[in-house]
Amino acid sequence: MNEHHLIQQFLDVLEAAKVQMEMGKKPKVKFFHQALEFARLFADKYHHFKEEYLLFSLLAMKKKGEIDGQIEALRYSHEQGRNLINQIANALNSYKNGQEVATITILENLASYIAILKKHLHQEDHVFFLMVAKEVTAAEQQELAEAFQREEAKMDEKFLAKMSDTLIEMETLLV
Ligand SMILES: [Fe+2]
Ligand SMILES: [Fe+2]
């Protein structure tokens, strides 16, 4: 899925921030604001929403309970991601004020977020989407694509360009 490329790019820039933090550097607060925006708007609202409400539901129906455990695990990691992002958001004010505990909190939540999402993307790309290609008929794929488009149309037309810019800005903020 093409959207995974952007999420992968996001994880790479988060990883760079994580490495800097492990060496005692403190990324700018603005970097984290941008990261929260990307995680909440693109990863979650835009991408995970379509998976959870359209794709997973269709597959669960097709496989009649056979893959419910796998779907539950994928949903759970979306949920974990949201929680970790909220933890980072909650620590940001104290981070801004130089509190060392907040720096540690952000680092550990960042590390968990990267690890969970990396595993998640791999699982979707290598297991789940192959299943979709095999199990979902051409007509259903077409319906799914249209449902995706209806969701995508709800966003501002500049949304994707803005999200790409956010990633570029995050990279420049780390330098
Ligand atoms: Fe997902
Ligand atoms: Fe995904």
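For the structure given in this document, a descriptive report is provided here. Every chain's residues receive numbers from 1 upward, in the order its sequence appears when written. To read the labels, note that chains go from A and ligands from 1, taken in the order they are written. Thresholds applied to this predicted model are a pLDDT of at least 70 for local features of residues and 80 or more for the giving and counting of side-chain atom pairs; totals over whole chains, interfaces and linings are not thresholded and use all residues.

## Focus on the packing of helix H2 (residues 29-63) against helix H5 (residues 138-153)
It is at 11 Å that the axes of H2 and H5 come closest, and there the two elements cross at 160 degrees. Comparing their axes, H5 and H2 come out roughly antiparallel. With respect to the hand of their crossing, H2 and H5 are arranged in right-handed fashion. Across the interface between the two elements, Phe49, Lys50, Leu54, Leu55 and Leu58 of H2 pack against Glu140, Leu144, Ala147, Phe148 and Glu151 of H5. The axes are straight lines fitted to the C-alpha atoms, using for helices just the contacting stretch, and the angles between their N-to-C directions are given from 0 to 180°. Going along the chain from the N terminus, every DSSP run of H or I of four or more residues is numbered as a helix, and every run of E of two or more is numbered as a strand. With respect to orientation, any angle under 35 degrees is reported as roughly parallel, any angle over 145 as roughly antiparallel, any angle of 65 to 115 as roughly perpendicular, and every other angle as oblique. By the definition used in this description, the sense in which the near helix is turned from the far one sets the handedness, with an anticlockwise turn below a right angle giving left-handed and a clockwise turn giving right-handed. Residue pairs are scored as contacts if the distance between their C-beta atoms, which are placed from the backbone, is within 7 Å.

## Overview of H5
In this model, H5 (16 residues) spans 22 Å end to end at C-alpha, consistent with the 22 Å of a helix rising 1.5 Å per residue. Within H5, only zero of the 16 residues are buried, which leaves it mostly out in the open. Helices are assigned an expected span. That span is 1.5 Å times one less than the residue count. Counts of 20 or more other C-beta atoms within 10 Å of a residue's own C-beta define buried residues, counts of 12 or fewer define exposed ones, and intermediate counts define partly exposed ones; C-beta atoms are placed from the backbone.

## Some remarks on the environment of Gln123
By the secondary structure assignment, Gln123 is in helix H4 (residues 100-135). The sequence separation of Gln123 and Gln70 amounts to 53 residues, and the corresponding C-alpha distance is 9.5 Å. Apart from residues no more than four positions distant in its own chain, Gln123 is found in contact with Leu74 and Phe128.

## As for the environment of Lys119
Along the polypeptide, Lys119 turns up in helix H4. Sequence separation between Lys119 and Leu74 is 45 residues, and the spatial gap between their C-alpha atoms is 9.9 Å.

## Here we look at the nonpolar core
Counting 23 residues, the largest nonpolar core has Phe10, Leu14, Ala35 and Ile88 as its most contacted members. For this core, the elements supplying multiple residues, two or more each, are helix H1 (2-22), H2, helix H3 (68-96) and H4. If you tally residues by element for this core, the top one is H2, at seven residues. Residues contacting Phe10, with those up to four places away along its chain left out, are Phe38, Ala43 and Leu167. Nonpolar core, as used here: buried Ala, Val, Leu, Ile, Met, Phe, Trp, Tyr and Cys residues forming one set through C-beta atoms within 7 Å.

## Details of H4
Relative to the 52 Å expected for 36 residues at 1.5 Å per residue, H4 spans 50 Å between its end C-alpha atoms, a close match to the ideal helical length. The quantity called bend is, for any residue, the angle between two axes fitted respectively to the seven residues ending at it and the seven beginning at it. In the structure, H4 departs most strongly from a straight axis at Glu124, where the bend amounts to approximately 40 degrees. Among the residues making up H4, those that are buried are Ile106, Leu110, Tyr113, Leu117, His120 and Phe128. Buried residues along H4 sit against H1 and H3.

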